[in-house]
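The primary structure of each chain is shown beneath.
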Amino acid sequence: MRQAHAPEAMTQKFVTAFNSKRVDIILSLYADDAVVVIDSDRHSLLGKESIRQLFSSILRISDSIQAKDTLCIAHKDLAILHTDVDLRLGPEIISTQKM
């Protein structure tokens, strides 16, 4: 797993991984039992296979993202991040999500 040594660094690592357009690089940021919660539709994804399916779909419709952390809570080896994410197709924002 590509580790971020500070929770605040995770979002930039994610943006770099996503913008590489390689799902394997994105997945390297997640633990096998990771949970991704998407606020906009109150949907949770559990585990790498679900996360792979999500990002494979997203990569087919967008070419880059921009993201900004709005909350970071860290305790020992656990971090909770809340991030606003803009999916882009060229210069156009095609979707905004809160994750």
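For clarity, every value in this text was computed on a predicted model and none was experimentally measured. (Residues numbered from 1 in each chain as written. Predicted model: local features only at pLDDT ≥ 70, side-chain atom pairs only at ≥ 80, totals over all residues. Heavy atoms only, no water.)

A. Spotlight on the side chain of Ser-62. Following the sequence through the fold, Ser-62 ends up in the loop between helix H3 (48–61) and strand S3 (64–75). Of note is the side chain of Ser-62, whose polar atom sits 3.0 Å from the backbone oxygen of Ile-58. Leaving out residues up to four positions away in the same chain, Ser-62 has contacts with Phe-18, Lys-21, Leu-87, Arg-88, Leu-89 and Ile-94. (Helix = DSSP H or I, 4+ residues; strand = E, 2+ residues; numbered from the N terminus. Polar contact = N/O pair within 3.5 Å; in protein donor to acceptor, adjacent residues only side chain to side chain. Contact = heavy atoms within 4.5 Å.)

B. Representation of the pairing of strand S5 (residues 92–98). Taken together, the 6 bridges between strand S4 (residues 78–89) and S5 define a ladder with antiparallel strand orientation. Among the inter-strand pairings, Asp-86 is bridged to a residue of S5, identified as Thr-96. (Pairing = 2+ DSSP bridges.)

C. Seen up close, the packing of aromatic side chains. Within the structure shown, the criterion is met by 4 aromatic pairs. Connected via pairs of aromatic rings, a cluster forms that spans Phe-14, Phe-18, Tyr-30 and Phe-55. (Phe/Tyr/Trp six-rings, centres within 6.5 Å; stacked < 30°, edge-to-face > 60°.)

D. Helix H1 (residues 7–19), seen in detail. Among the residues of H1, Met-10, Thr-11, Phe-14, Val-15, Ala-17 and Phe-18 are the ones counted as buried. One side of H1 carries all its buried residues, which in axial view fall inside an arc of 165°. Structurally, H1 contributes buried residues whose contacts are with helix H2 (23–27), H3, S3 and S4. Remark: Lys-21 follows H1 within two positions and exhibits a positive phi of approximately 65°. (Buried < 20%, exposed > 50% of the residue type's maximum accessible area, 1.4 Å probe, protein only. Arc of directions from axis to C-beta.)

E. Spotlight on the sheet that holds S4. Strand order in this open sheet of 3 strands is S3-S4-S5, and the pairing throughout is antiparallel. The outermost strands of the open sheet, each flanked by one partner alone, are S3 and S5. Put simply, the sheet's adjacent strands are angled 15° from each other on average, direction ignored. Packing against the sheet, H1 makes contact with S3 and S4, and its axis sits at approximately 155° to S3. (Axes fitted to C-alpha atoms, helices over the stretch in contact; angles between N-to-C directions.)

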